[in-house]
Amino acid sequence: MEPINVFDYEILAEERMNPVYWDYFAGGSDDEITVRTNQSDFGRIRLRPRVLVNASKCDTRTSVLGAPISMPILVSPSAFHGMAHQEGECATARGVGAAGTLMIAATDSSRSLEEIAQVASGPRWFQLYLYPTREIAAGLVQRAEAAGFQAVVLTVDMPALGNRERDRRNRMTIPPPPLVRANFAGIEIEGHAWSPLTWDDVAWLRSITSLPIVLKGILAVEDALLALEYGASAIIVSNHGGRQLDGCVTGIEVLQEIVEAVAGRCEIYIDGGFRRGTDILKALALGARAVLVARPILWGLAVDGARGVQSILEMLHSELERAMILTGCSTLASINRSLLQIT
């Protein structure tokens, strides 16, 4: 089958992947209600196209924290790409660079941040967990700075690991042999307890780096406003792909109120369930500067390595352009809330 959309890649990827690894990427917490509603909530939002507008040539170029990119579609951090393809995050970085956009490399990657940086041709950010100690986390930030990463993305929605029952049934270990936590090679991390974050940790991170800080996992207006107080340059509206608290709100559900509260004081991105260009258009109309995708990237990676990653991004980009033409939007700036009818 020649894939023509990301769902085709999903089918092909599942056929190719170890079932235990597939469950790790596909699964969520508890009953996986949030995994499903992340996608179904886009159906509550209808588009109100404008007609007789010449939008035949769309310009989707934009920037995030000053970094120019070809499309408002970024690659969200996800762990252990080596479970999808033997070249892991290095293949992902090549595909993202070929598509002209930005990759966020995960702390728990199967290739080191230095290896990723060596093959990356586009802008890149580094996602950080503050474990197992502040000292080790500070070392990762310093390495990211030295390797040319342009921002630190702090994941803030994991005070404990979500109840991922697929992994428990599969007796999934993190990472599964023969993979390793490549960023921790030569560093003793076993035996350290999981340390929940507080806003003091955000202040500490701000004190040790001059890189912009992005907070990933914001779902409440109150936390978005605190992020501003603590110096965040951007936030990612996210429920961790439904892998943490099941039954929580979806990003697209709360995006507008967060955008209105922040009122342009930092950039706002969103992830969670984006599978079509129309999904992306809806998020942009609600005020997001860009969206992030994760699982579809892993599907492309599993099917065809770097070329599969590039294909996924180009499919979504093409669908976004078509949706812009059909709604009468020739530029990203022309996309606004008037395009939407929310039921």
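The structure presented is a predicted model; accordingly, all values stated were derived computationally and were not measured.

Trainee: Please set out the overall build of the protein chain residue by residue, giving values where relevant.
Mentor: Summing up its helical and strand segments, the protein chain has 12 helices and 12 strands in all. Computed over the C-alpha atoms, the radius of gyration of the protein chain is 19 Å, within 12% of the 20 Å expected from 2.2 N^0.38 for a compact globule of 343 residues. Projected onto its principal axes, the C-alpha coordinates of the protein chain cover approximately 65 × 50 × 40 Å. In the protein chain, the share of contacts with a sequence separation of at least 24, taken over all contacts with a separation of at least 6, comes to 74%. Accessible surface for the protein chain amounts to roughly 14400 Å². Of this, 50% is attributable to carbon and sulfur atoms. Between the centroid of the 31 positive side chains of the protein chain and the centroid of its 39 negative side chains there is a distance of 5 Å.

Trainee: Describe in detail the state of the cysteines, supporting the description with residues and values.
Mentor: Under the defined criterion, the tally for this structure stands at zero disulfides. The structure places no disulfide on Cys266, whose sulfur is separated from the nearest cysteine sulfur, that of Cys248, by 20 Å.

Trainee: Now, about a negative patch on the surface: what can you tell me, with residues and values included?
Mentor: The grouping of Glu222, Glu253, Glu257 and Glu260 at the surface amounts to a negative patch. Tallying contributions element by element places helix H10 (residues 251-262) first for the negative patch, with three residues. Mapped onto the elements, Glu253 comes out in helix H10. Given the relative accessible area of 40%, Glu253 is considered partly exposed.

Trainee: Before we move on, could you go through the side chain of Glu319 and cite the residues and values that matter?
Mentor: Mapped onto the elements, Glu319 comes out in helix H12 (residues 295-327). Each residue touching Glu319, except ones within four places of it in the same chain, is listed here: Asn5, Arg275, Arg276 and Gly277.

Trainee: Account for the pairing of strand E11 (residues 290-293), naming residues and giving values.
Mentor: Going residue by residue along E11, you find Ala290 and Leu292 tucked away on one face and Val291 and Val293 tucked away on the opposite face as well. The pairing of strand E4 (residues 73-75) with E11 spans three bridges and is parallel. When the sheet's bridge partners are listed, Val75 is paired in E11 with Val293. Bridge analysis of strand E10 (residues 267-271) against E11 gives three bridges, and the strand direction is parallel. For Ile270, the partnering residue across the bridge sits in E11 and is Val291. Taking the sense of rotation as the criterion, the β-α-β connection linking E10, helix H11 (residues 277-285) and E11 turns out right-handed.

Rules used throughout
- Residues numbered from 1 in each chain as written.
- Predicted model: local features only at pLDDT ≥ 70, side-chain atom pairs only at ≥ 80, totals over all residues.
- Heavy atoms only, no water.
- Helix = DSSP H or I, 4+ residues; strand = E, 2+ residues; numbered from the N terminus.
- Rg over C-alpha atoms; globule rule 2.2 N^0.38 Å.
- Contact = heavy atoms within 4.5 Å.
- Areas by Shrake-Rupley, 256 points an atom, 1.4 Å probe, with all protein chains shown as cover.
- Lys, Arg positive; Asp, Glu negative; His and termini not counted.
- Charge placed at Lys NZ, Arg CZ, Asp CG, Glu CD.
- Disulfide = S-S within 2.5 Å.
- Patch = residues over 30% accessible without salt bridge, like charges linked within 9 Å, V, L, I, M, F, W, Y side chains within 5 Å.
- Salt bridge = Lys/Arg side-chain N within 4 Å of Asp/Glu carboxyl O.
- Buried < 20%, exposed > 50% of the residue type's maximum accessible area, 1.4 Å probe, protein only.
- Pairing = 2+ DSSP bridges.
- Right-handed = clockwise from strand over helix to strand, strands pointing away.

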